[in-house]
Amino acid sequence: DGVNTLIVDRLAPLQQRLDEAGATFPKEVADLLAVSATDPLSLSPQDVESRIRVIAAEVERRSSELAELAALRSNWAQAHGETAAQLDALRHGVDRLAEVRAKAERDVISGPLPVHADVEPALRAELGAITSPDPAALRSLRGRITAALRVVAEDEELAQGLLDRRMELKGRLTAYQAKAARLDLGEDRDLLACSRIASGLLHRQPCDLRAVTRAVADYQELLVEKQGSLR
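We now turn to the structure provided with this report.

What counts, and where the lines are drawn
- Residues numbered from 1 in each chain as written.
- Predicted model: local features only at pLDDT ≥ 70, side-chain atom pairs only at ≥ 80, totals over all residues.
- Heavy atoms only, no water.
- 1 Å grid on protein atoms, 1.4 Å probe; cavity = no way out; pocket = protein on both sides within 12 Å on 5 of 7 lines; lining within 4 Å.
- Points joined across faces, edges and corners; volume = space filled by probe spheres on them.
- Helix = DSSP H or I, 4+ residues; strand = E, 2+ residues; numbered from the N terminus.
- Nonpolar A, V, L, I, M, F, W, Y, C, P; charged D, E, K, R; others polar.
- Buried < 20%, exposed > 50% of the residue type's maximum accessible area, 1.4 Å probe, protein only.
- Contact = heavy atoms within 4.5 Å.

In this section: the layout of surface pockets. Reported here for the largest pocket is a volume of approximately 220 Å³. Forming the walls of the largest pocket are 13 residues, and the residues nearest its centre are Val94, His116, Ala117, Asp118 and Val152. Secondary structure elements with two or more residues in the lining of the largest pocket: helix H4 (76-107) and helix H6 (135-182). At five residues, the largest contribution of residues to the lining of the largest pocket is made by H4. A class-by-class count of the residues in the lining of the largest pocket yields nine nonpolar, one polar and three charged.

This is the structure:
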């Protein structure tokens with residue numbers, strides 16, 4: 001009785017939420033009720049709570065999905081327009097990615113950058129094929145557009161990161177050169193030679209980031225060594 005009462009108490013608010021959303025209980029409910037009907041003593045309160053948490057998560061997912069579908073249906077024109085705007089953003093993102101990738105491949109030596117298929121035309125064609133309100137189809141399409149936007153953003157971030165790394169190394173070298181000048185080491189032959197190597201590597205196209213990183217580190221270490229000799 002205690003187990004069954006606990007199950008009923010925990011399921012009641014979930015049942016109400018699904019009824020309001022117009023959905024049915026997930027399979028996990030039937031499994032729990034079957035055990036409680038045939039072997040309730042095998043269920044401890046902890047077991048019941050654990051199963052209820054799984055059920056509650058599924059109820060939340062179903063309720064959210066149904067609410068989203070209802071919102072899409074009631075605001076169909078707006079939802080359709082927002083989806084078209086998402087596709088426009090995807091198109092701009094793909095074009096911007098192409099520019100950044102081309103610049104990175106021209107300016108920086110790196111491993112092959114990831115190349116993903118341009119799915120925007122196919123997704124736009126799918127939107128055009130939805131000629132009457134179909135919330136489920138539109139929801140699915142919006143999910144795939146969001147995924148495509150995420151892939152494009154990640155690819156652009158990777159390519160831009162290479163370009164940013166080159167600028168960072170350039171800035172570090174400039175800062176070290178300024179420090180050398182403040183220490184009256186700007187004309188030191190060893191530092192000048194090390195600086196020329198790093199600068200030359202930085203201005204090569206494409207730029208070898210690994211080689212530049214080592215060269216800038218070498219300049220920094222030599223500067224520290226020279227600074228120590230002044231004391």
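After presenting the structure, the write-up continues.
By secondary structure assignment, the location of Ala215 is in helix H8 (residues 209-229). For Ala215, a relative accessible area of 7% puts it in the buried group. Along the primary structure Ala215 and Leu202 are separated by 13 residues, whereas in three dimensions their C-alpha atoms are 9.5 Å apart. Once residues lying within four places of it in the same chain are set aside, the contact partners of Ala215 are Cys194, Ile197, Ala198 and Leu201.

The analysis is restricted to geometry; functional conclusions fall outside its scope.
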